[in-house]
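# Residue-level structural notes
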Amino acid sequence: MLMARHCAARLCGISMKYHATEGCALKYDQSRIRNFCIIAHIDHGKSTLADRILEKTGVMQLRDMTDQVLDSMELERERGITIKSKAVRMPYTARDGQEYELNLIDTPGHVDFTYEVSRALAACEGAVLVVDASQGIEAQTLANVYMALDHDLEIRPVINKIDLPSAQPEVVKGEIEDEIGIDCDGCPLVSAKQGVGIEEVLEDIVNNIPAPQDDLDAPLQALIFDSYYDNYRGAISSVRVKAGSVKVGDRIRMMAGKCEFDVTEVGAYLPLGYSPRESLNAGEVGYIAASIKDIADIHVGDTITLANNPAAEPLPGYKPVLPMVYCGIYPADGADYESLRDALEKLRLNDAALSYEPETSVALGYGFRCGFLGLLHMEIIQQRLEREFDLDLVTTAPSVVYKVIKTDGETVFIDNPTNLPPVQEIDWMEEPMVDAQVITPQDYVGAIMELCQDKRGTFRDMKYIEGGRVLLKYDLPLNEVIYDFFDQLKSRTRGYASFDYELKGYERSDLVKLDMLLNGEQCDALSIIVHRDRAYPRGRSIAEKLKDAIPRQLFEIPIQAAIGGKVIARETVKALRKDVLAKCYGGDISRKKKLLEKQKEGKKRMRQVGSVSVPSEAFMAVLKMD
Amino acid sequence: MKPLSLYVHIPFCAAKCAYCDFASYPRRETDWGRYFDALLDEIRFWSGPTGFGRLSESYRVISMFIGGGTPTLVDPERIQAVIEACRGIAPFDGAVEITVEGNPGTLSPDRLAVYRRTGVNRLSLGAQSFDEGLLKSLGRIHTAGQIGEAVAMARAAGFGNINLDLMYALPGQTMDQWRAALDAAVALDVEHISAYSLIVEDGTPMAARVASGAALLPDDDGVNAMQRAAIARLAGAGYDRYEISNYARPGYACRHNLVYWNRGEYLGLGCAAHSLLGGCRFHNPESLDAYLSGKRMLEVTWLTRRDAMEETLMLSTRTVRGLDTAAWAEAFEEPFQMGREAALERLQRGGLIEIGDGFVRLTPRGMEVQNAVVLELTGDME
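The rules behind each value
- Residues numbered from 1 in each chain as written.
- Chains lettered and ligands numbered in written order.
- Predicted model: local features only at pLDDT ≥ 70, side-chain atom pairs only at ≥ 80, totals over all residues.
- Heavy atoms only, no water.
- Contact = heavy atoms within 4.5 Å.
- Buried area = accessible area lost by both parts, 1.4 Å probe.
- Salt bridge = Lys/Arg side-chain N within 4 Å of Asp/Glu carboxyl O.
- Polar contact = N/O pair within 3.5 Å; in protein donor to acceptor, adjacent residues only side chain to side chain.
- Helix = DSSP H or I, 4+ residues; strand = E, 2+ residues; numbered from the N terminus.
- Nonpolar A, V, L, I, M, F, W, Y, C, P; charged D, E, K, R; others polar.
- Patch = residues over 30% accessible without salt bridge, like charges linked within 9 Å, V, L, I, M, F, W, Y side chains within 5 Å.
- Areas by Shrake-Rupley, 256 points an atom, 1.4 Å probe, with all protein chains shown as cover.
- Buried < 20%, exposed > 50% of the residue type's maximum accessible area, 1.4 Å probe, protein only.
- Pairing = 2+ DSSP bridges.
- Axes fitted to C-alpha atoms, helices over the stretch in contact; angles between N-to-C directions.
- Parallel < 35°, antiparallel > 145°, perpendicular 65-115°, else oblique.
- Left-handed = near helix turned anticlockwise from the far one by under 90°.

## Things to note about the interface of chain B and chain A
Of the residues lining the interface, 48 residues belong to chain B; the matching set on chain A comes to 27 residues. Around 3500 Å² of area is buried between chain B and chain A when both sides are counted, 58% of it from carbon and sulfur atoms. Considering only the side of chain B, the residues that lose the most area to chain A are M314, N371 and L375 of chain B, jointly responsible for 19% of the buried surface there. Along the contact surface separating chain B from chain A lie 5 salt bridges. Summed over the shared surface of chain B and chain A, the number is 15 residue pairs in polar contact (both at pLDDT 80 or more). The element that contributes the greatest number of residues to the side of chain B that touches chain A is helix α16 (residues 370-378) of chain B, accounting for 8 residues. Classifying every residue of the side of chain B that touches chain A by side-chain character gives 20 nonpolar, 11 polar and 17 charged.

Below is the structure:
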């Protein structure tokens, strides 16, 4: 279920060496350029195919190859996902004897990064659609294809994993033709794993994906499809030049960002490094470095032009990146606050989509309210903070951004339940909705419909696909999707269903703020905004989890779930029964001292809510919500 | 002259008990001679000029405790030599309390006579239980019958101050067995009874049994019930509880024991012995071999004001007399209540402490959760 993508350059920013331009000194000729991406459902073999292509074109020698060359973050390899966009230039001598310049733009597959995917697609003329010969079309296959079609890309299907005993290439071809309406006649049959059919893919790209037809003489228009930070070059833009050209020394202007910089370096990407060039011209893909200190000055989707000869219009489709999912991230030990801030700062250097601002919580102390593109994005940031910066974190329940229309007519967006205006000032509230599509074996249709019903979904459409599978479309509230939808879907379909979604705007909804009270004191870190129908079961479930997670203390602790002062669920942590050392033997008080120290440490790690000590695990237990 | 107490550790026993993780070594008879030589050397050291001055010039000994291990296992003449040597450290007070700890199975009239001649006036017997089955499962070397015999023998030798150690919360121990043990101890008409709840220490055979499920421990409520039964039964027989685990007839509270809780000064001699002297804590090595190789005075720690406050709080609240708020104010130059108002109020309202007449003391219920109460009162000391 979890997938994403990311950019060779990103990794490069951290560890890339300066590589010479060996073998890449092609003469500029647009008709020999092919800009393409690879789209696929997770596990259909996108990264492996990319590896084989790099190998085949000779830019990577076999000895340099590790699996998933383009996925250079530890996390990407481990999870088999791509988190950022990557671009690599490869020279390829085709069967027609001509040498071509292939630019592979790798894209993340996950919905969290939909906008970034769309910008990467906009940088291409074609897309190689990888479909697993035994799995067939999945939800993300469709989502990606529709997006590619939106960008008028030439889609070239490739059937992968034909080496598997369960491969049914003909059935899958039929599925693609029926569901997507793409002719699969003569499409390459490939085993990326075994290196079979790779040359056919390359030939197919050269012969069928159109060359760019950009105007070299027009004012510069370069589309930014990714950004990252390089310690030596500053913030770098990955671009597709759509018109004109740019060279070192040019003064460039970010058309949406409205700031200007002097170009210090332009070039193309090699798998393991930079290949600086004199200029980047219309139709080409590469990077622009301009001593930009803050990555926030580079917006994915923005258009770069020249200050002294600006384009009349930016390229279409620019949207500022808006976080969709928020949560609070706190250091488990308050002393780590500074380290956490430094770590977030470092991560944001390479990830303009991550936002954070300081936040204080009675229960958790000092921390940050962080915004993410989606759940996967959130999970990845959390894991990177923990692994790469060795931080112990407490994370609050993820929440979406609600729209509150106040009685005085004002509209406010709420990303933190604590900031919700008082009930009497709220006229109505709206929540973000998604268009969801699920592809599942027929047997699980009932289970999925039940799940979507449970999750307050509205049925939109159902369609039978070849191979006994069904495509279901639902409108779902985003806050239900971020809650435990993935886990539920997985367990109810034994992992056979695939799921994808796209945001579709706000809808009015009967939402309430659910508060948790410990010994009568409200604990803001545990407050959530929920649909009224959900409030009772959620309140009861949180109360039960807290009861198990909060250790017994000197006095009984009532735990209450309440809506606007009305208690809807209650649990009790019984008082501590016994906590005493029988003996201090022979004047040796060290054991007692050690025990006390240990308990003091333990208490320090807990957060005080009124007179109640709440361990981080209690917050975690509530957050996990399984 | 300041009061000083002496603790002497005898790290030898006939067999290791199942719950024991103290410094105590069975089958080391061949080292007894070397050990007592080393011990006497250490006593001679403390009898001369030390980093704390010459102790005899500023201290007098008010209590001495010879513990173990099983001090009654070794030749009584060795114990006699140790006590005699200790008189060189500082003069003994006229009313000095000298306790020897022993196993009921290791006593004899001759042995007891030697102790008496040397000035030993208190005998502390590790009875632990009166149930043969429980004694066996604990790995004790004595029988229930030997406890009564030992008390009778001690009386005959002239001991007028006898303690029995009892243990509860043992695996498999029923409330009835515990009541029977209390009855049996009361019937022996001793002056002092200690009732310790079993602590399962890591690395002991008992811990392994508990981990494997072979030994089942009572739950917290069960343990509390046993402690309450002890308080009630012993009070009925004229034993006042004066500390979490200690009960005595009027006038027989163990002076040595109280020194620990009141942070009086004490010097520990021998393997694994701990000291609080001249504002610092230190101890000898746990290991017999390390002690024999000459290692002494480890982890010398000068106590800060905050250490002293924490210790005072954690130790004095174990006693029924409680924390002396006037003494606190004098020692630390700030009222005990300062910064603790809310916690004290909450604890008092919850029936865990009593405040008044210059003392803050834990109620019987408060003592069941003493660690947590102390933690509540230390919190603001940071």
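## Brief notes about a nonpolar patch on the surface
Together, F459, M462 and Y464 of chain A make up a nonpolar patch on the protein surface, roughly 290 Å² of accessible area in all. The topology assignment puts Y464 of chain A in strand β24 (residues 458-465).

## Focus: the pattern of salt bridges
Residues and elements named next belong to chain A. The final tally for this structure, using the stated rule, is 65 salt bridges over all chains. Its salt-bridge partner being E199, residue K56 comes within 4.0 Å of it at the nearest N-O pair. Remark: E199 occurs in helix α7 (residues 198-208) and K56 occurs in helix α2 (residues 46-56); sequence separation between them is 143 residues. Judged by its relative accessible area of 45%, K56 falls in the partly exposed class.

## Let's talk about the sheet that holds strand β16 (residues 353-356) of chain B
Taking strand neighbours across the sheet as the criterion, the 3 strands line up as β15-β17-β16 (chain B) in an open arrangement whose pairing is antiparallel. Only two strands of the sheet have a single partner each, and these edge strands are β15 (323-324) and β16 of chain B.

## A closer look at unusual backbone geometry
In this structure, the amide linkage connecting G68 of chain B to the following residue, G69 of chain B, adopts the cis form with an omega of 20°. Assignment of secondary structure puts G69 of chain B in the loop between β4 (59-68) and α3 (76-86). One non-glycine residue, R456 of chain A, adopts positive backbone phi at about 60°. Positionally, R456 of chain A belongs in the loop between α10 (445-454) and β24. Its identity as a non-glycine residue notwithstanding, R27 of chain B has a phi of 60°, on the positive side. Looking at the element boundaries, R27 of chain B is found in the loop between β1 (2-10) and α1 (32-47).

## Notes on the sheet that holds strand β11 (residues 265-270) of chain A
All names here are of chain A. One open sheet accounts for 8 strands, arranged β10-β9-β15-β6-β7-β14-β11-β12; its pairing is antiparallel. Edge strands, defined here as strands with exactly one partner in the open sheet, are β10 (260-262) and β12 (273-277). Strand after strand, the sheet turns through a mean of 40° between neighbouring axes, direction not considered. One ladder, built from 3 bridges, connects strand β9 (residues 251-254) with strand β15 (residues 303-306); its direction is antiparallel. Counterpart to I252 in the pairing with β15 is L306. Contacts from helix α4 (residues 114-122) reach β6 (221-230) and β7 (234-243) within the one sheet, and its direction differs from that of β6 by about 125°.

## Quick look at the packing of α10 of chain A against helix α11 (residues 478-492) of chain A
All names here are of chain A. At a minimum axis distance of 10 Å, the contact between α10 and α11 shows a crossing angle of 160°. Considering the angle they form, α10 stands roughly antiparallel to α11. Pair α10 / α11 crosses with right-handed handedness. Contacts between α10 and α11 involve A447, I448, E450, L451, C452 and D454 from the first element and F485, Q488, L489 and R492 from the second.

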